[in-house]
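Spelled out from the first residue to the last, the chains are:
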Amino acid sequence: DFALATFGEVTGATITGVVFEDDNNDGNREVGEAPIAGVTITLTGTDDLGASVNLTTTTDGTGLYSFTGLRPGTYIATETQPVGYLDGTGDVLSGISVGSGGLSEDNDFGELPPASIDGTVLDEAGVPIGGVTITVTGTDDQGDPVSITTTTAPDGTYSFTDLRPGDYTVVESQPVGYGDGGSNTVPVTLTPGSNATVDYLETLGSITGVVFQDTDGDGTQTGTEAGIGGVTVTLTDGGGSTTTATTAADGSYLFDNLLGGSYTIDETQPVGFLDGADQVGTGGGTLTANDQISGAIVPDGGDVS
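Residues numbered from 1 in each chain as written. Predicted model: local features only at pLDDT ≥ 70, side-chain atom pairs only at ≥ 80, totals over all residues. Heavy atoms only, no water.

On a plain count of helices and strands, the protein chain comes out with 0 helices and 26 strands. A compact globule built from 305 residues should have a C-alpha radius of gyration of about 19 Å, whereas the protein chain, at 36 Å, is more than 25% larger. Taking the principal axes of its C-alpha atoms as reference, the protein chain extends roughly 145 × 30 × 25 Å. A fraction of 59% describes how many contacts in the protein chain between residues 6 or more apart in sequence connect residues 24 or more apart. Taken as a whole, the protein chain presents about 15,500 Å² of accessible surface, with 51% of it coming from carbon and sulfur. (Helix = DSSP H or I, 4+ residues; strand = E, 2+ residues; numbered from the N terminus. Rg over C-alpha atoms; globule rule 2.2 N^0.38 Å. Contact = heavy atoms within 4.5 Å. Areas by Shrake-Rupley, 256 points an atom, 1.4 Å probe, with all protein chains shown as cover.)

Moving on to the packing of aromatic side chains. Taken as a whole and judged by the stated rule, the model has 4 aromatic pairs. Measuring from ring centre to ring centre gives 5.8 Å for Tyr-253 and Phe-255, while their planes differ by 65°; the resulting arrangement is edge-to-face. The burial state of Tyr-253 is the same as that of Phe-255; both residues are buried. Among the aromatic residues, ring-to-ring pairing joins Tyr-65, Phe-67 and Phe-109 into one connected group. (Phe/Tyr/Trp six-rings, centres within 6.5 Å; stacked < 30°, edge-to-face > 60°. Buried < 20%, exposed > 50% of the residue type's maximum accessible area, 1.4 Å probe, protein only.)

With antiparallel pairing, the 5 strands of this open sheet are ordered in space as β21-β20-β23-β25-β24. Strands at the two margins of the open sheet, each flanked by one partner only, are β21 (242-246) and β24 (286-289). Adjacent strand axes in the sheet meet at a mean angle of 30° when their direction is disregarded. In this sheet, strand β25 (residues 292-298) lies alongside β24 in antiparallel orientation, the contact comprising 3 bridges. (Pairing = 2+ DSSP bridges. Axes fitted to C-alpha atoms, helices over the stretch in contact; angles between N-to-C directions.)

This structure, assessed with the given rule, holds 2 salt bridges. Asp-141 is paired through a salt bridge with Arg-164; the nearest N and O atoms lie 2.8 Å apart. Of this pair, Asp-141 sits in the loop between β11 (133-140) and β12 (145-151) while Arg-164 is found in the loop between β13 (157-163) and β14 (166-172), placing the two residues 23 residues apart along the sequence. Exposure remark for Asp-141: the relative accessible area of 32% places this residue in the partly exposed category. (Salt bridge = Lys/Arg side-chain N within 4 Å of Asp/Glu carboxyl O.)

Our focus in this paragraph is the environment of Gly-138. Structurally, Gly-138 is set in strand β11. The class of Gly-138 is partly exposed, set by a relative accessible area of 22%. For the pair Gly-138 and Thr-264, spaced 126 residues apart in the sequence, the C-alpha separation amounts to 45 Å. With residues near it in sequence (within four places) discarded, Gly-138 still touches Asp-144, Pro-145, Val-146, Asp-167 and Tyr-168.

Read these as spatial facts, not as claims about activity.
Here it is in structure tokens:
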């Protein structure tokens, strides 16, 4: 008599998946969504013999990872968050069950390329404005509130990086001395990997006036009273800095691109004329001396004459 001896064997199982850029943040890999190579994936769990399993691999150039030769069991795949990406659909996939010779595919991890917001603050003369506070508020795709602040660099630029998709509002704190060239509050919707550029333009003020032949001595130019060209007019700001202008042939002068504030205007008495009556313009001020107007106020971004 012979005793029949049998040996039961199991075939190794396989668990695979892909790590990819989830450009539309839906958790599914679509055509055109790039793979992410070099990502560490760890497989843990318990096989059918009750033994603990702890295996590690990395994704290849196609973003693929695989664990082969596995005994039947229930496993957990854990992804180590790849550098340069934000967390997408999660980094733990649990309850992956395989039987003898089984294949569990599409255990995928979608990662989000970070979004950003940037821009520049300039005045209307094209000069950058540094030190301006910019704030971004809103809600990201996970429902979390966002409130972050930065200031513009000396070249007027600012940036917010590593942002999640979401609906945001970019708010500029109006810089002192400038007029608002547009809305300070701009809504922005970000998708994975997108960039929104929000620029701000600030306006400047001006002072204008005229030097003329006041034939009737009333300090007001009429249509028959000719302007006097070539007269030097000096503008002094609150810090003591001076700028000069020369009247045009019609007697007019202009100081442009001024910050809001208080200024003093001095006329150099033109040769061949006697001192006449001076007139304070729309910016107010005081006639403090012959040929001098002190305290002329230029509104932020406003013009006075």
